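# Summary of structural features
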Amino acid sequence: MITELNEKNFDEKTAKGVKLVEFYTDWCGYCQRQNEILNDMNEISLFKVNGEKSPVVTTKFGVNVFPTFLLLKNGKEINRYTGLHSKYELMNILVRNMK
């Protein structure tokens, strides 16, 4: 399940636990390809932020490359991944950090 985050709900939705959040734009070709992969991962909760529609959140985390994935734990960034990633790479990121 993919949940769209924005400036109004970002802090609330990422405050507790480990969250993988993708920052994307509609015009980014890699983001469009990444979206196909994310849609195939409906067995886990994923989060997305449109970098153009939520500039405050995008600036807060210094995101200037799309797609960028932030791994957050209790609202704090613990790791960052840029570029296109396979389903298996994303699953490995989550599994390694769920401990």
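Attention in this report is confined to the structure presented alongside it.

Cut-offs applied
- Residues numbered from 1 in each chain as written.
- Predicted model: local features only at pLDDT ≥ 70, side-chain atom pairs only at ≥ 80, totals over all residues.
- Heavy atoms only, no water.
- Pairing = 2+ DSSP bridges.
- Helix = DSSP H or I, 4+ residues; strand = E, 2+ residues; numbered from the N terminus.
- Axes fitted to C-alpha atoms, helices over the stretch in contact; angles between N-to-C directions.
- Contact = heavy atoms within 4.5 Å.

A few words now on the sheet that holds strand 1 (residues 2-5). Through backbone hydrogen bonds, the strands of a sheet pair up, either in parallel or in antiparallel fashion. Read from one edge of the open sheet, five strands run 1-3-2-4-5, paired in mixed fashion. Looking along the sheet, the strands with just one partner apiece sit at the ends: strand 1 and strand 5 (76-82). Here the strands of the sheet are splayed against their neighbours by 30° on average, with no regard to which way each runs. Bridging between strand 4 (residues 68-73) and strand 5 involves six bridges; their strand directions are antiparallel. Pairing of Leu71 across the sheet is with Asn79, part of strand 5. Contacts between helix 2 (residues 29-39) and the sheet are confined to strand 1, strand 2 (18-24), strand 3 (46-50) and strand 4, with strand 2 contributing the most and set at about 145° to the helix.

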